[in-house]
Amino acid sequence: MTWSLFLPHSRRNKICRVLKLDNDLFEKFRKRSPDETAEQRLVRMTLTHDEYPLDYLFPSYAEDWVVTGLGKKKMESTKIEMIAIDCEMVLCGDGSEAVVRVAAVDRDLKVILDEFVKPHQPVVDYRTFVTGLTSKDLEKATLSVVDIQEKLQMFLSEDTILVGQSLNNDLKVLKMDHARVIDTSLVFKYNYGGTRKPLRLKRPSLNYLCKCILGYEVQKEGVPHNCVHDAEAAMKLVLAILDNGVETSVPLSKEMLEADKSRLYLHCIPCNVPYEELNGVVSRDIPHEVKPSKKQDRHFYSAIVVFKSPEEANQAFENIAGDLGEDSTGLSQKQIFLEPSSSRLGSYIFVRKMVEEDSVGEASAEEKNASSKKRKREYDSKEKTRERHRCKPFRRGKQRSYVKRR
């Protein structure tokens, strides 16, 4: 399915307008323009990613949404070329997420916005383990989402580029749609090398990108996130490409695959199930830790179950009663029934492996095989070139003119 068929007409027009393209030339925006800047290249890489249409398909023209920057030309001194943003969210009683803190930094890593936001609904989970926030932190918050929209719009023109890691999640809770974006989770990708690629490619986390490219951890184990630091990290990653020319492909290490073998993935968990109740659901006998995801949708969320070793994770999975199946990526999974409680009905959730057992071996063996094949191709190519030079006769007259035209 092509983008021109997939995207709504209004969305397609907006992308064309931002990239300075006519509707008839829409498909050509995938190709590099001769005069495109390095920043425009990263915008194009975001917009042409296979998962962009779903991630950024917002109800842009709903009553409480804002489409930013359209028709606003860049001002000389008050507008900023690139802005990185990050938000902290909590879970509300109606199952929706509410933004409670917003941070924004400019290209020089200067903090231009750091505000607490008053939730629009009663909060049932502050996600303190991730946000670092409690009800006490938000007691003095008076700003609404509309107030934040107005503050951010002061910095935005149609030429401004918004930067962020999984930026679509931040824009969704801010109810803002900005067409010119650089999403580092879409720009950077794993280099799978000789390993078998999953059907749905895993995105590098902000923390992993910082460790690989910037040389530090922005999110340390057991320490809550800081949205100012996360916004700065996203901007630093983009600047690393623009200023230092770093590659957008990061290695998929053997250690990562080994770590994934010690984990199981829980998904389709109803939002009315507190993550504390997930302890013991996968296994009552084997020690483990449940880590819920930061991002959730309106109805469901996911979590990672961490074991001490691949053997314990595999044993826990084998002990789960139920039929063995596969998810959409081809990984093994089973179904678990959560018993009803006083506050909710019983429900089914899914548990699957993070990686198949042979993937680590494939990573090592196939990388060597791929390297060997590459060297052989290079050698064969050189030999063919030498052979052509040895065998090519010297021709005169009309035949020489024919060769020249070729």
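Not measured: the values here are computed from a predicted model.

Regarding the pairing of strand 11 (residues 263-270)
Item 1. With six bridges joining them, strand 11 and strand 13 (residues 300-306) adopt antiparallel strand pairing. Bridging from a neighbouring strand, Arg263 pairs with Val306 of strand 13.
Item 2. As paired elements, strand 11 and strand 16 (residues 347-353) share four bridges and run antiparallel to each other. Pairing of Leu266 across the sheet is with Val351, part of strand 16.

Digging into the pairing of strand 16
Consecutive residues of a regular strand have side chains that alternate between opposite faces of the sheet.
Item 1. When you tally the buried positions in strand 16, you get five out of seven residues, the bulk of the element.
Item 2. Alignment of strand 15 (residues 332-338) against strand 16, held across six bridges, turns out to be antiparallel. Within strand 16, the residue paired with Lys334 across the bridge is Val351.

Considering the side chain of Thr68
Item 1. You can see Thr68 is positioned in the loop between strand 1 (66-67) and strand 2 (82-92).
Item 2. For Thr68, a relative accessible area of 3% puts it in the buried group.
Item 3. Here the side chain of Thr68 touches His178 through a polar contact of 2.6 Å, side chain to side chain.

Describing unusual backbone geometry
Item 1. The phi torsion at Lys175 lies on the positive side, around 55°, for a residue other than glycine.
Item 2. Structurally, Lys175 is set in the loop between helix 7 (167-174) and strand 7 (176-177).
Item 3. Unusually for a residue other than glycine, Cys268 sits at a positive phi of about 60°.
Item 4. Assessed through its relative accessible area of 32%, Cys268 is described here as partly exposed.

Here's the deal with the environment of Val290
Item 1. Within the element layout of this structure, Val290 appears in strand 12 (residues 289-292).
Item 2. Residues within four places of Val290 in sequence aside, it is in contact with Tyr275, Leu278, Asn279, Ala303, Ile304 and Val305.

Concerning the sheet that holds strand 16
Item 1. The strand order across the open sheet formed by six strands is 12-13-11-16-15-14, and the pairing between neighbours is antiparallel. Bordering the open sheet on either side are strand 12 and strand 14 (325-326), each of which pairs with just one other strand.
Item 2. Taken strand by strand, helix 12 (residues 310-319) contacts strand 11, strand 15 and strand 16, and its axis lies near 140° from that of strand 16.

Parameters and conventions
- In this convention, every chain numbers its residues from 1, walking through the sequence in written order.
- In keeping with the model being predicted, local features are shown solely for residues with a pLDDT of at least 70 and side-chain atom pairs are shown and tallied solely at 80 or more, while totals for entire chains, interfaces and linings include all residues.
- Side-chain measures were taken over the full set of non-hydrogen atoms in the model, leaving aside hydrogen atoms and water.
- Pairing between strands is defined by DSSP: at least two bridges between the two strands are required.
- Helix and strand assignments follow DSSP, with helices taken as H or I runs no shorter than four residues and strands as E runs no shorter than two, numbered in order from the N terminus.
- Exposed residues in this analysis have more than 50% of their type's maximum accessible area, buried residues have under 20%, and partly exposed residues fall in between, with area computed by a 1.4 Å probe over protein chains only.
- The definition of a polar contact used here is a pair of N or O atoms within 3.5 Å, where within protein one atom must be able to donate a hydrogen and the other to accept one, and adjacent residues in sequence count solely through side-chain atom pairs.
- Residue contacts are counted whenever heavy atoms from the two residues lie within 4.5 Å of one another.
- Lines are fitted to the C-alpha atoms to define the axes, a helix being fitted only along its stretch in contact, and any angle between axes, read from their N-to-C directions, falls within 0 to 180 degrees.

As far as function goes, none of this settles anything; it's purely spatial.
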